[in-house]
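# Chain and residue survey
One-letter residues, chain by chain:
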Amino acid sequence: MKKTVFILILISVCFYNGLSFANDENKDAENPLLSIVERTLGKDVKILSIEDAEESPVKGLRQVRVWFESVYGETPVLFYMTDDGKMFIAGSIFDSGGNNLTRRDVGNTRPRTIEISRMQPREEYMIGSDNASVKIVMWLGTEVVSLKIFDTLHEIYLKNQDKVALYMKFYPVSKTHFHQDFNRAVALSCFRGEDFLNGIDFLKGVSPAWANERKDVDAFIKERGFEDCDEDIVKQDLVLAGKLNLPAHQAVFVNGTILISDITKENIVKLSGIELK
């Protein structure tokens, strides 16, 4: 097992030494690891802290846990260094069984928290009571994954209507069909309050090609007689998401804390501290 681990580490050493990650004379000689972190994660990444070196799974190497600010919160990453502190390694260590020892040891992200008021929830796109003890803010698009997330959260709401409230934020971020996702979000904005469920059902039933062009949405609004659909609300949510530095995909916040694990009742209970059915 040790032989397999060393082979992987030596490859990493040669690679990063070739890039002069160690002993870069243009970086702070007192903290050469900072230079490596910047080159690996990017200079714009905010480093929060660097822990003291600790034992690693490989003899002759120590591991250093670096915490940086990510869109998910405070995220850890492991770097490795030789005992003399002259060589550094960025990468993963595996054992002969294929187990990622770096992932095992690195630890978990401390999820970020954003005050709900900063996310500017709107009463017209709320399901439940604003006095609920568990407030779930959903930053969702209109594609299949987002609709499934909505269904999961709405099912939890139905079983806990005395405790849970849902707030919908429009977040069309489909990489391959952004314009369609945006157009569908405009159509969904026509449905407010409890009627929002009818909007979700409508999107589930339309053709996959529906809303590729804006004229589809305009015809839909005219046919249904809607008068309060609001493209500006969708745009405002997108701008706000950028200011809040949200992930470039669907995001769910429970009482202001981002849910970075599976969207389940159990994980919502862990974040909120409120027992749910």
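Presented here is a report on the structure given in the accompanying data block.

Here is what the cut-offs are and how they apply
Residues numbered from 1 in each chain as written. Predicted model: local features only at pLDDT ≥ 70, side-chain atom pairs only at ≥ 80, totals over all residues. Heavy atoms only, no water. Helix = DSSP H or I, 4+ residues; strand = E, 2+ residues; numbered from the N terminus. Buried < 20%, exposed > 50% of the residue type's maximum accessible area, 1.4 Å probe, protein only. Contact = heavy atoms within 4.5 Å. Areas by Shrake-Rupley, 256 points an atom, 1.4 Å probe, with all protein chains shown as cover. Phe/Tyr/Trp six-rings, centres within 6.5 Å; stacked < 30°, edge-to-face > 60°. Core = buried A, V, L, I, M, F, W, Y, C linked by side-chain atoms within 4.5 Å. Salt bridge = Lys/Arg side-chain N within 4 Å of Asp/Glu carboxyl O. Axes fitted to C-alpha atoms, helices over the stretch in contact; angles between N-to-C directions. Parallel < 35°, antiparallel > 145°, perpendicular 65-115°, else oblique. Left-handed = near helix turned anticlockwise from the far one by under 90°. Nonpolar A, V, L, I, M, F, W, Y, C, P; charged D, E, K, R; others polar.

Right, let's talk about the overall build of the protein for a bit. Check the secondary structure of the protein and you find nine helices and 11 strands. When each of the 277 residues of the protein is scored for burial, the buried share is 43%. Sequence separation of at least 24 residues holds for 65% of the intrachain contacts in the protein that already meet a minimum separation of 6. For the protein, the exposed surface amounts to about 14,900 Å²; the carbon and sulfur share of it is 50%.

Looking now at the packing of aromatic side chains. Taken as a whole, this structure holds 12 aromatic pairs when the rule is applied. Where Phe170 meets Phe196, the ring centres are 6.4 Å apart and the plane angle is 50 degrees; that geometry is what we call tilted. In this pair, Phe170 is assigned in strand β9 (residues 164-170) and Phe196 in helix α6 (residues 196-205), connecting sequence segments 26 residues apart. The pair Phe170 / Phe196 is uniform in exposure class, with both members buried. Relative to Trp210, the ring of Phe202 has its centre 5.2 Å away and its plane inclined at 85 degrees; by these criteria the two rings are edge-to-face. The class for Trp210 is buried, based on a relative accessible area of 15%.

So, about the nonpolar core. Membership of the largest hydrophobic core comes to 41 residues, with the highest contact counts inside it found for Ile136, Phe196, Trp210 and Ile268. Among the elements that make up this core, the one with the highest residue count is helix α4 (residues 144-159) (six residues). If we ignore the near neighbours within four places in the chain, the residues touching Phe196 are Tyr125, Ile127, Phe150, Met168, Phe170, Leu188 and Phe191.

This part covers the environment of Leu140. You can see Leu140 is positioned in strand β8 (residues 134-140). Once the C-alpha coordinates of Leu140 and Phe150 are considered, the two residues, 10 residues apart in sequence, prove to be 8.0 Å apart. When residues no more than four places from it in sequence are discounted, the contact partners of Leu140 are Ser146, Ile149, Phe150, Met168, Lys169, Phe170, Tyr171, Pro172 and Gln250.

With that out of the way, let us pick up unusual backbone geometry. The phi dihedral of Ala211 falls on the positive side, at around 75 degrees, and the residue is not glycine. For Ala211, a relative accessible area of 0% puts it in the buried group. For Asn255, which is not glycine, the phi dihedral falls at a positive 50 degrees.

The next point concerns the pattern of salt bridges. Tallied over the full model, the rule gives 15 salt bridges. Ionic pairing is found between Arg192 and Asp228, a salt bridge with its closest N-O pair at 3.7 Å. Taken together, the residues Arg192 in the loop between α5 (178-188) and α6 and Asp228 in the loop between α7 (214-224) and α8 (231-243) connect sequence positions 36 residues apart. Given a relative accessible area of 25%, Arg192 falls into the partly exposed group. Taken together, the shared-partner salt bridges connect Arg214, Asp218, Glu231 and Lys235 into one network.

A few words now on the packing of α5 against α8. Between two packed helices, both the angle of their axes relative to each other and the distance between the axes serve to describe the pair. Taken N-terminus to C-terminus, the directions of α5 and α8 make an angle of 125 degrees; their axes are 8 Å apart at the nearest point. When the axis of α5 is compared with that of α8, the two are oblique. Note that α5 runs across α8; the crossing there is right-handed. On α8, the residues touching Phe178, Phe182, Ala185 and Val186 of α5 are Glu231, Val234, Lys235 and Leu238. Split into classes, the residues belonging to the contact of α5 with α8 amount to six nonpolar, no polar and two charged.

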